[in-house]
Amino acid sequence: MDELFAPPRETWQRLSPNFLRLKRRMVLATWGVLIVLAVVPSAIWAPWWVAALAGVALAGVMVWRFMRIARWVASWGYAERDDDLYLTHGLFWRSLSIIPYGRMQAVNISSGPVERAFGLATVQLVTAADQSDATIPGLSAEAASELRDRLTAAAEARGMGL
Amino acid sequence: MNQLPPERLHPLTPFVKGWVGLLAIVFFVGRSWLENGGRFDVDHVTWWVWILLAAMVGSVLLGLASWRATTFRLDDDALRLATRFIWNTSTVINYSKVQSIDIVSPLAARLVGVCSLRIDVGSGAPHKLEYLGRARAERVRDELARRAALVRDAGRGGTPMAGAATSVRTDDARAVPQQRGALFRSDDVVVSVPPARLVAAVVTSGEFLGSIVFALVALLPSILTRQFVLAGLLVPAVWGLGALVVNRVVKEWDYRLHAPARGVVRVARGLTDTVSQTVPVERVQGFELTQSWLWRRFGWWRVRFTVLGYRGDDADEGGSTVLLPVGSWAEVEAALSAVWPGIDLGSLQWQALPPRARWLHPLDWRQRGWAVNPQVVADRSGRLNRRISLVAPARAQSWAVQQGPLERRLGLSGFSVQISGHVVALNVTGVEPTVARAFAESFSGWVRAALTSRTLFDPASRPVGSCADPALSAAPQRQS
């Protein structure tokens, strides 16, 4: 099945390693909050074993997601070819999208507060179709802005309107 | 630039806009006149009728003043609309921005003989010229379309025709050139749908029958429990039925498809409100052909299309997404050829899904199929209600190969093509992975060729056979 999502040339360009760190900490933070929210009220109002069960179950899910997030981040890849951009991602729902440069209406870079703390940014390619799945998260800020410059130059050179 | 004096809209405009109030006045005054045995007795008219009358007279006067202050003019480079009444507004519509021009005639306007012009500039709401006499509106539309085409051709490096844009007044029929010459073919009708067929098709369509079933189901509790108050559940079902009938029959009555000029098709339809809708073919993204199970015995299909800029089914204002409300297969092919000349549905080689895709599509595995060639990509599905989607590489925004967990278990995958709009979508699931990847790679080449050649369908450039990639030319499916 790997030939289906193989890169067009040698290898995929991967995301920044900081992204894995960011995602791991987000998993710990989110699930930690959930565990506290589940365990504390049930320890107060329910028998102790309910709280323990909830805590163990949620902790198990957290560990599973923690280990899986590395594979999920590693599944992201992009490749810039002559006329189009290849983008792949996903573990359960794997996909490989191809967007021609001539169809890119705009290239947006956005960076939330957490991403900024890790020096990362998200690049979004805007086409005329809403369903185009063309977002690359977790690139370093310099790589993101260089990618945007390359893509905008390529899109202008090949721009064919709508 | 010769400055001709600007033109006015039709003088009956304020009366058409306020027809409801006028009708109310006529009703009440007439009633009190009749009640008094044919004499008009001022004392017997109640006080609120006076207030209504005063309000209506006031608004008619305002409308008249606004009519006097509204002008428009077709200049060298743009259409200029100006209103100098309380608020001064001035709108300049460059000919290069004009995408399409529709003529809409609501019921009240039709009774008087006027109609309104909707000018679509591609972004934002369309501009309206309300109201103009019918013949004058057609002159304005044709002249505007002619100038827009001239500007577009000049912008692409073509040579502008003789008699290029100078200011002209459209209320003089002699000043506007008649539509002759290389730019306009004869205004023939490509397809027309007789009203009887439309009604029969609506009554046998899947949506109508579904609403009837829903109404019967809604009636069931009140029958079983013998409580008639539960028949109130019928109200939404009847409402849905009524809305369907109004939408289909009233809006698509006397449907005619014209091909008046290169690059444009025109749709004329409507029972109470007539609409003449112009669609530039460059903005058509894809087609969807549907056939409900009762229509199969008549061989009827319904064609919808995605037009860039039409938000959903805006059928009231002329932005309908229906190309052909109901037609035979030959009429479908004629309608599609009017929009995409050179498309040949008969040359599509349909490929079947492998047998293990039955787990993915248990109900309609046998009916599913796909066909690709450098001009068009097609996908069909549906057992009871059949559906065929058509997308051209020249209009594709992006395409993708995808694989869900069930497909991975079966060793299959899927491919999809994204176009703008939400009416048509092409998503094929359950094909061999090699086929999907080969499609993605070949599609890149077809999109590049289509974008650089800038023609959508050129029969001369169609390659012999379907496509060069052997992975995509598996054994063709039997015609089912």
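Focus on the packing of aromatic side chains
All names here are of chain B. Tallied over the full model, the rule gives 12 aromatic pairs over all chains. Here Trp-399 and Phe-443 contribute two aromatic rings whose centre-to-centre distance is 5.0 Å and whose plane-to-plane angle is 75 degrees, an arrangement assigned as edge-to-face. Taken together, the positions of Trp-399 in strand S19 (residues 398-403) and Phe-443 in helix H11 (residues 433-453) put the pair 44 residues apart, joining distant regions of the chain. Accessibility assignment for this pair places Trp-399 and Phe-443 in one class, buried. An aromatic cluster of three or more residues is present, and its members are Trp-370, Trp-399, Phe-415, Phe-439, Phe-443 and Trp-446. Over the face of the ring belonging to Trp-350 we find Arg-380, whose NZ or CZ atom lies 4.5 Å from the ring centre.

Considerations on the pairing of strand S6 (residues 114-120) of chain B
Residue and element names in this part refer to chain B. Extensive coverage of S6 is indicated by the burial of 7 of its 7 residues. Residue alternation in S6 divides its side chains into two sets, Val-114, Ser-116, Arg-118 and Asp-120 and Cys-115, Leu-117 and Ile-119, and both sets are buried. Two elements, S6 and strand S7 (residues 127-133), share 5 bridges in a ladder whose sense is antiparallel. Looking at S7, one finds that Val-114 is bridged to Gly-133.

Some words on the sheet that holds S6 of chain B
Hydrogen bonds between backbone groups are what pair the strands of a sheet, and the pairing can be parallel or antiparallel. Residues and elements named next belong to chain B. In space, the 7 strands of this open sheet follow the order S7-S6-S5-S11-S10-S9-S8, with antiparallel pairing throughout. Each end of this open sheet is capped by a strand with a single partner; those strands are S7 and strand S8 (189-193). In this sheet, adjacent strand axes meet at a mean angle of 20 degrees when their direction is disregarded. Pairing of strand S5 (residues 100-105) with S6, which is carried by 5 bridges, proceeds in the antiparallel orientation. Bridge pairing in S6 links Val-104 to Ser-116. Across the sheet, helix H9 (residues 329-339) touches S8, strand S9 (255-261) and strand S10 (264-269), and the angle it forms with S8 is around 135 degrees.

A look at the nonpolar core
Residue and element names in this part refer to chain B. Ranked by internal contacts, the top residues of the largest apolar core, which has 38 residues, are Phe-287, Leu-323, Leu-336 and Leu-390. Every residue in contact with Phe-287, bar those within four places of it in the chain, is listed here: Val-303, Arg-304, Phe-305, Leu-323, Leu-336, Val-339, Trp-340, Ile-388, Ser-389, Leu-390 and Val-424. With 35 residues, the next largest nonpolar core counts Val-428, Val-431, Ala-440 and Leu-451 among its residues.

Thoughts on the domain arrangement of chain A
All names here are of chain A. Parsing chain A into structural domains produces domain 1 (17-73) and domain 2 (77-157). Between the C-alpha centres of domain 1 and domain 2 there is a distance of 31 Å. Listed by partner, the interface residues are 9 residues for domain 1 and 8 residues for domain 2. For the pair domain 1 and domain 2, the summed buried area comes to about 840 Å², and 78% of that belongs to carbon and sulfur atoms. Ranking the residues of domain 1 by area buried against domain 2 places Phe-19, Leu-22 and Arg-68 at the top, with a combined share of 52%. Summed over the shared surface of domain 1 and domain 2, the result is 0 salt bridges. Our enumeration of links across domain 1 and domain 2 arrives at 1 residue pair in polar contact (both at pLDDT 80 or more). Every element with two or more residues in the side of domain 1 that touches domain 2 is listed here: helix H1 (17-45) and helix H2 (48-74). In terms of residue count, H1 provides more of the side of domain 1 that touches domain 2 than any other element does, 6 residues in total. Among the residues making up the side of domain 1 that touches domain 2, the classes are represented as 4 nonpolar, 1 polar and 4 charged.

A closer look at the interface of chain B and chain A
In this assembly, 32 residues from chain B lie in contact with 30 residues from chain A. Across the chain B to chain A interface the summed buried area is about 2,500 Å²; carbon plus sulfur atoms make up 55%. It is Gln-397, Gln-403 and Arg-437 of chain B that lose the most area in chain B upon contact with chain A, and together they represent 26% of the buried surface on that side. Counting every contact that joins chain B to chain A gives 2 salt bridges. Where Asp-83 of chain A meets Arg-448 of chain B, a salt bridge forms, and the shortest distance between an N and an O atom there is 2.7 Å. Where chain B meets chain A, there are 13 residue pairs in polar contact (both at pLDDT 80 or more). Only S19, helix H10 (405-410), strand S20 (413-418) and H11 of chain B provide two or more residues apiece to the side of chain B that touches chain A.

About the cut-offs
Residues numbered from 1 in each chain as written. Chains lettered and ligands numbered in written order. Predicted model: local features only at pLDDT ≥ 70, side-chain atom pairs only at ≥ 80, totals over all residues. Heavy atoms only, no water. Phe/Tyr/Trp six-rings, centres within 6.5 Å; stacked < 30°, edge-to-face > 60°. Helix = DSSP H or I, 4+ residues; strand = E, 2+ residues; numbered from the N terminus. Buried < 20%, exposed > 50% of the residue type's maximum accessible area, 1.4 Å probe, protein only. Lys NZ or Arg CZ within 6 Å of the ring centre and 35° of its normal. Pairing = 2+ DSSP bridges. Axes fitted to C-alpha atoms, helices over the stretch in contact; angles between N-to-C directions. Contact = heavy atoms within 4.5 Å. Core = buried A, V, L, I, M, F, W, Y, C linked by side-chain atoms within 4.5 Å. Domains from an automatic or database assignment. Buried area = accessible area lost by both parts, 1.4 Å probe. Salt bridge = Lys/Arg side-chain N within 4 Å of Asp/Glu carboxyl O. Polar contact = N/O pair within 3.5 Å; in protein donor to acceptor, adjacent residues only side chain to side chain. Nonpolar A, V, L, I, M, F, W, Y, C, P; charged D, E, K, R; others polar.

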